[in-house]
Amino acid sequence: MNNLKQRKKLLDDYQNEQQNGVISDADATKLLNANLTLDRNRLIAESNYLHALRAIMPMEQALRAYQIEERLNAFYLNDILGVIHLAK
């Protein structure tokens, strides 16, 4: 949840810094690096969570939990990315 909140803030920052998809090289670099860090942190958190599930449930159920989480994340990102202009 914390990762999604940080990603929303990052997208809001992009929305504020760009003008019709035009953004400076420095701002683009900053936003890209921050986004890649969030991606890496999300993968680490998911990996730790799924390994912890191994102790309390069969891996088949853990896989299902992972699939559900991926779908929820896709819905969320689709919702917030739908209003963001692509960089030019």
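In what follows, the structure referred to is the one given above.
The sections below set out a description of the structure shown in this document. Keep in mind the model is a prediction, meaning the values are calculated, not measured.

1. Remarks on the environment of Lys30
Stage number 1. As for its position among the elements, Lys30 is in helix 2 (residues 25-53).
Stage number 2. Lys30 sits 38 residues away from Ile68 along the chain, and the two C-alpha atoms are 31 Å apart.

2. Some thoughts on the environment of Ser47
Stage number 1. Within the element layout of this structure, Ser47 appears in helix 2.
Stage number 2. On the basis of relative accessibility, which here comes to 32%, the residue Ser47 falls in the partly exposed class.
Stage number 3. Sequence-wise, Ser47 and Val83 are 36 residues apart; in three dimensions their C-alpha atoms are separated by 30 Å.

Reading the values: rules and limits
- Residues numbered from 1 in each chain as written.
- Predicted model: local features only at pLDDT ≥ 70, side-chain atom pairs only at ≥ 80, totals over all residues.
- Heavy atoms only, no water.
- Helix = DSSP H or I, 4+ residues; strand = E, 2+ residues; numbered from the N terminus.
- Buried < 20%, exposed > 50% of the residue type's maximum accessible area, 1.4 Å probe, protein only.

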